[in-house]
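The primary structure of each chain is shown beneath.
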Amino acid sequence: MTSLAIFGVGTIGGGVASLLNARGLINRLVLFDRSPDLLQAQRLDILHTGRDISISIDPEEIHRCDIVICTAGLPRNTSVKTRADLLHTNIPAAQECARYLTGFSGILIVVTNPMDIITSYLHHYVAIPKNRIIGFGAQLDSARFSFELNKRGISGHGIILGEHGEHQVPIFSRVQTKTTIPEPIKKEILTALRGSSMEIIRGKGATEFGPAWHISELVRAILQDSHEVIPCSCILEGEFGITGCALGVPAIIGKNGVLQVEEWDLDPWEQNHMKEAGTFVASLCEESRGNI
């Protein structure tokens, strides 16, 4: 039996719970939210699908789950300029999640923004091994990159590394295209990527379907021990010349979490932007540790 806990069952957390149930990837859910009414409503809504799934709302069961997904905290909205601006607002949510992880031996997936910094924070705060904590964001960013490429008639699968935020790094060098992508187009795509979530937030209040799908895919890769290369935020200790933070990198994912970080050859533009992302995120990670 596969058990999974979701800490924070708002738009994304609730969407992930529903999708995991619909896909039949898990047998047991543990749900937690600070709003008792929302918590009970989400539980009943999933049970009313009629699928054979057990759902608990006892947070004391969280640490016994195979996988825990932390989505709690204030989501980005139109008044929040960047995800990094949510750091001090969402540290308490991360601390609350950590209180239920004593004795936890599974895999922790972090969605709470600013995701890279919260991932690093929980790694230190909970003392969870680096292979068993995965930050979610680069999968979604990569899908958005592919979307922007295809809009411009450029076929291929896009990959985003770096920060899940303003310092994201589109890896143009790995886009399979017959012609070189002009610099003005690269800048145009990067600008579009930085604002892609805000277009959705302005229209419906929050991103939902994209994150839920890609989080469920990450869970699938773990449960199936797929050994797929998935862009996600990992604790770095020298990979890509970066240390002291979690950052989006290509990682081989399996039943034990991050099995290995692949170090790709990047072009000079990508190397410089990865370095900038590492410097920016590492400084915020250092700042966040003052709360440990």
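First things first, this report covers the structure right here in the doc. (Residues numbered from 1 in each chain as written. Predicted model: local features only at pLDDT ≥ 70, side-chain atom pairs only at ≥ 80, totals over all residues. Heavy atoms only, no water.)

### Looking at the overall build of the protein
On a plain count of helices and strands, the protein comes out with nine helices and 11 strands. Rg of the C-alpha trace for the protein: 18 Å, near the compact-globule value of 19 Å for 292 residues, within the 12% margin. Here the protein, with 292 residues, has 55% of them falling under the buried criterion. For the protein, contacts bridging at least 24 residues in sequence account for 72% of all contacts bridging at least 6. With the model as given, the accessible surface of the protein reaches about 12,700 Å², and the carbon-plus-sulfur share is 49%. The protein carries 26 positive and 32 negative side-chain charges, and their two centres are separated by 3 Å. (Helix = DSSP H or I, 4+ residues; strand = E, 2+ residues; numbered from the N terminus. Rg over C-alpha atoms; globule rule 2.2 N^0.38 Å. Buried < 20%, exposed > 50% of the residue type's maximum accessible area, 1.4 Å probe, protein only. Contact = heavy atoms within 4.5 Å. Areas by Shrake-Rupley, 256 points an atom, 1.4 Å probe, with all protein chains shown as cover. Lys, Arg positive; Asp, Glu negative; His and termini not counted. Charge placed at Lys NZ, Arg CZ, Asp CG, Glu CD.)

### Things to note about the packing of aromatic side chains
For the structure shown, the criterion picks out six aromatic pairs. Ring geometry for Phe32 and Tyr100: centres 5.6 Å apart, planes at 45°, overall tilted. One end of the pair, Phe32, is in strand β2 (residues 28-32); the other, Tyr100, is in the loop between α3 (87-98) and β5 (107-110), with 68 residues separating them in the sequence. The class of Tyr100 is buried, set by a relative accessible area of 18%. Three or more aromatic residues joined by ring pairs make a cluster, and in this case those are Phe7, Phe32 and Tyr100. The ring of Trp264 has Arg174 lying over it, and the distance from NZ or CZ to the ring centre is 3.7 Å. The aromatic ring of Phe209 is capped on one face by Lys204, whose charged end is 3.9 Å from the ring centroid. (Phe/Tyr/Trp six-rings, centres within 6.5 Å; stacked < 30°, edge-to-face > 60°. Lys NZ or Arg CZ within 6 Å of the ring centre and 35° of its normal.)

### Things to note about the side chain of Ser3
Note that Ser3 resides in strand β1 (residues 3-7). For Ser3, a relative accessible area of 11% corresponds to the buried category.

### As for the nonpolar core
Leu29, Ile69, Leu108 and Ile253 are the most contacted members of the largest nonpolar core, which totals 82 residues. Judged by nonpolar contacts, the second largest core, of nine residues, contains Phe145, Leu149, Ile160 and Ile189. (Core = buried A, V, L, I, M, F, W, Y, C linked by side-chain atoms within 4.5 Å.)

### A word on the pattern of salt bridges
Side chains that differ in sign of charge can pair as their charged atoms come close. Enumeration over the complete set of coordinates arrives at 13 salt bridges. The residue Glu217 makes a salt bridge to Arg23 at a minimum N-O spacing of 2.8 Å. With Glu217 in helix α8 (residues 209-223) and Arg23 in helix α1 (residues 11-23), the pair connects residues that are 194 residues apart, well separated along the chain. For Arg23, a relative accessible area of 28% corresponds to the partly exposed category. Among the ionic pairs, Arg152 bridges to Glu148, the shortest N-O distance being 2.7 Å. The network of salt bridges with shared partners includes Arg23, Glu217, Arg220 and Glu228. (Salt bridge = Lys/Arg side-chain N within 4 Å of Asp/Glu carboxyl O.)

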